[in-house]
Amino acid sequence: MASSDNPKTPIHILFVGAGAVGCFYASRLHHPTHNIFTSLVARSNYTAILSSGVSLQTRSFGDYTFAPHAVFPSISAAAPTGEPNDQPSTNPTPKHTPPKHGWDYIIVTTKALPDRADDAAMVAPLVTPKSCIVLIQNGMGVEEPYRQRFPHNPIVSAVTIVSAEQIRNGVVRQNRWTRISLGPYGCGLAASLTDIAKAREVVLRGHRCMDQLAHWWTRYGGIRDVETHTELELQTIRWHKLCINAAFNPTAVMSGGRGNADQLTDPELRKHILGIMNEIWDAAPKVLGRPFPETLATPQRIIASNERNVGSKPSMLLDWEAGRPMELEVILGNPVRIAQKAGVEMPRLQSLYALLRSAQKAREDRKTKEKL
């Protein structure tokens with residue numbers, strides 16, 4: 001992996017997932033004049049991006065068009081040794097070829113749905129020994145399937161707060177907020193000393209990859225809030241973001257479609273939201289082995305901030321309304337199971353998980369019967 005400010009050999013970065021988050025961060029990481037080339041795997045918006053690039057309307061950087069180095073209609077089309085044998089038949093034949101020596105960075109920005117697909121297996125054709133895997137995904141436990149499948153590849157875990165949406169194919173609007181936190185992933189916080197020692201070298205590689213990405217995003221991409229952390233610090237940030245995701249997202253669905261700020265105008269829902277946040281606030285330190293640092297917003301401050309988040313709909317509500325699978329496992333199921341392994345119960349999250357999981361299954365069963 002080249003580590004200089006201007007790499008002598010080209011750095012090839014591939015984003016798997018060309019939604020709003022993927023396109024926004026990819027656009028700030030494509031710097032051909034510095035020998036850094038960023039490409040996309042796109043599916044439903046493949047044709048639009050191939051023909052016109054990505055049009056971005058941003059609060060932070062103005063309006064501009066991002067022309068990726070290459071656009072691929074499928075994983076296999078982007079695989080260094082693969083053939084484009086599974087691209088949608090309605091798409092034209094890919095016009096680009098993968099880098100001969102493989103991808104330096106593979107950045108996954110798709111929704112994390114481990115109950116529906118094995119994402120680590122999905123990206124396996126892309127991974128070579130030099131590849132660093134970066135996961136910009138919500139929830140808890142997203143890294144472990146990748147570590148199990150790729151024990152010798154560096155993994156960088158990432159948490160982002162960015163208000164962005166794809167308003168139509170190939171057009172992304174960034175509304176507010178742009179913060180991304182990065183941290184290497186070794187073998188998990190519950191790993192034995194033996195496993196930690198074995199993972200030392202891959203964690204060091206992860207640190208170097210993380211620092212390089214942060215440098216490129218900051219110096220060349222102009223993103224001010226790019227933070228680098230240790231593994232423990234990054235997992236702490238994941239648990240902290242869960243205070244938002246596990247409180248507002250499920251409640252938006254179960255309350256009949258109310259957004260964050262709207263939920264907080266109802267006294268009973270407000271009490272419910274605070275109860276979920278406090279449950280996470282109490283449980284996470286027992287899992288992490290340390291309290292949340294004072295620099296992180298308390299549940300009361302999170303609520304005050306979201307009172308201003310008027311009009312927006314949480315992603316889980318958007319998925320429910322569109323009939324898409326929801327990220328129930330990583331936002332609710334995994335945190336409950338991780339806490340239980342640490343001897344901590346999370347009854348509020350467990351109830352939300354059970355109810356939404358049942359509601360999703362019942363709706364899918366009805367759809368199946370209607371097709372018969």
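Residues numbered from 1 in each chain as written. Predicted model: local features only at pLDDT ≥ 70, side-chain atom pairs only at ≥ 80, totals over all residues. Heavy atoms only, no water.

## A closer look at the pattern of salt bridges
Taken as a whole and judged by the stated rule, the model has 16 salt bridges. One connected set of salt bridges, linked through shared partners, spans Lys 111, Asp 319 and Arg 324. (Salt bridge = Lys/Arg side-chain N within 4 Å of Asp/Glu carboxyl O.)

## As for unusual backbone geometry
If you check the backbone angles, Asn 35 has positive phi at about 70 degrees while not being a glycine. With respect to the helices and strands, the residue Asn 35 is situated in the loop between α1 (20-27) and β2 (36-41). Relative accessible area serves as the criterion here: at 19%, Asn 35 is assigned to the buried category. (Helix = DSSP H or I, 4+ residues; strand = E, 2+ residues; numbered from the N terminus. Buried < 20%, exposed > 50% of the residue type's maximum accessible area, 1.4 Å probe, protein only.)

## Regarding the packing of helix α10 (residues 267-288) against helix α11 (residues 299-306)
Axis separation between α10 and α11 bottoms out at 10 Å; the angle between their running directions is 140 degrees. Of the possible angle classes, the one that applies to α10 and α11 is oblique. Classified by chirality, the crossing of α11 by α10 is right-handed. Residue-level contacts link Arg 270, Ile 273, Leu 274, Met 277, Asn 278 and Trp 281 of α10 to Pro 299, Gln 300, Ile 302 and Ile 303 of α11. (Axes fitted to C-alpha atoms, helices over the stretch in contact; angles between N-to-C directions. Parallel < 35°, antiparallel > 145°, perpendicular 65-115°, else oblique. Left-handed = near helix turned anticlockwise from the far one by under 90°. Contact = heavy atoms within 4.5 Å.)

## Examining empty space enclosed by the protein
According to the stated counting rule, one finds 1 cavity of 30 Å³ or more in the structure shown. Size it by volume and the largest cavity reaches roughly 40 Å³. Counting residues per element, the lining of the largest cavity draws most heavily on helix α8 (residues 231-254), at 4 residues. Of the residues belonging to the lining of the largest cavity, the class tally is 2 nonpolar, 4 polar and 2 charged. (1 Å grid on protein atoms, 1.4 Å probe; cavity = no way out; pocket = protein on both sides within 12 Å on 5 of 7 lines; lining within 4 Å. Points joined across faces, edges and corners; volume = space filled by probe spheres on them. Nonpolar A, V, L, I, M, F, W, Y, C, P; charged D, E, K, R; others polar.)

## Digging into the confidence of the model for the protein
Here the protein averages 91 in pLDDT, while 93% of its residues score no lower than 70. Here residues 82-93 is modelled with pLDDT under 50, and outside its nearest four sequence neighbours on either side it reaches 21 contacts, counting other chains as well. (pLDDT = per-residue confidence, 0-100.)

## Considering helix α12 (residues 315-322)
Every buried residue of α12 is accounted for by Met 316, Leu 317 and Asp 319. Projected down its long axis, α12 carries its buried residues within an arc of 160 degrees, all on one side. Against α8, α13 (328-341) and α14 (347-371) lie the buried residues of α12. In the segment just after α12, Gly 323 is the residue with positive phi, at about 75 degrees. (Arc of directions from axis to C-beta.)

## Points about the pairing of β2
Burial of β2 is extensive: 6 of the 6 residues sit out of reach of the surface. One ladder, built from 6 bridges, connects strand β1 (residues 11-16) with β2; its direction is parallel. Each residue of the ladder has a partner; that of Leu 14, found in β2, is Ser 39. Where the polypeptide runs from β1 across α1 and back to β2, its parallel neighbour, the crossover connection is right-handed. As paired elements, β2 and strand β5 (residues 71-72) share 2 bridges and run parallel to each other. Note on β5: the bridge partner recorded for Leu 40 is Val 71. (Pairing = 2+ DSSP bridges. Right-handed = clockwise from strand over helix to strand, strands pointing away.)

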